[in-house]
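Residue-level structure breakdown
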Amino acid sequence: MKKIMLLGSAFAIMAVLNTVSAQTAEKKEMRKEVKVEDVGGEKVMTITTTENGSTSTEVYKGADAEAKMKEMEKETEGTSTKTTKTVAPDGKMKVEVETKVVEKKSK
């Protein structure tokens, strides 16, 4: 009887540890900074994106800058969360939580 209890306890502990390890998620952070300038009568928009320490820059000029500004104005200010659950080929549950925060600041 003790062996059965020990074996059952071992399986229960393994199930709990597997669930805990599946729920451990790495935190990813992304930040966008938008700068609009008027250079010689032409609008220049610079978008600097920092994601997990890597930085990339996009530059839009003239009509492209205007179109991008209109696209960004459609985004409403606030926070939205998207949760995605998938099962990996090894059978572990993978949960990804994406949070989008839009803050509009003007100087």
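Scroll up to find the structure this text is about.
From a predicted model like this one, the values you see are computed outputs, not experimental measurements.

Here we come to the overall build of the chain. Counting its secondary structure elements, the chain contains two helices and five strands. When its helices and strands are written in sequence order, the chain yields α-β-β-β-α-β-β. Relative to its full complement of 107 residues, the chain shows a buried share of 11%.

Here ten bridges tie strand S1 (residues 30–39) to strand S2 (residues 42–51), and the two strands are oriented antiparallel to one another. The residue of S2 that forms the bridge with Glu 37 is Val 44. Counted between consecutive antiparallel strands, the loop separating S1 from S2 contains two residues, among which Gly 40 sits at a positive phi close to 60°.

Right, let's talk about the pattern of salt bridges for a bit. Counting across every chain of the model gives three salt bridges. Note that Glu 37 is salt-bridged to Lys 35, the shortest N-O span being 3.6 Å. By relative accessible area, which is 34% here, Glu 37 ends up partly exposed. For Lys 35, a relative accessible area of 46% gives the class partly exposed. Of the charged contacts, one joins Glu 66 and Lys 43 as a salt bridge, the two residues approaching to 3.2 Å between their closest N and O atoms. On the criterion of sequence distance, the pair formed by Glu 66 in helix H2 (residues 63–73) and Lys 43 in strand S2 is long-range, its members being 23 residues apart. For Glu 66, a relative accessible area of 31% corresponds to the partly exposed category. For Lys 43, a relative accessible area of 33% gives the class partly exposed.

Thresholds, definitions, all that
Residues numbered from 1 in each chain as written. Predicted model: local features only at pLDDT ≥ 70, side-chain atom pairs only at ≥ 80, totals over all residues. Heavy atoms only, no water. Helix = DSSP H or I, 4+ residues; strand = E, 2+ residues; numbered from the N terminus. Buried < 20%, exposed > 50% of the residue type's maximum accessible area, 1.4 Å probe, protein only. Pairing = 2+ DSSP bridges. Salt bridge = Lys/Arg side-chain N within 4 Å of Asp/Glu carboxyl O.

These figures come from the coordinates and say nothing about function on their own.
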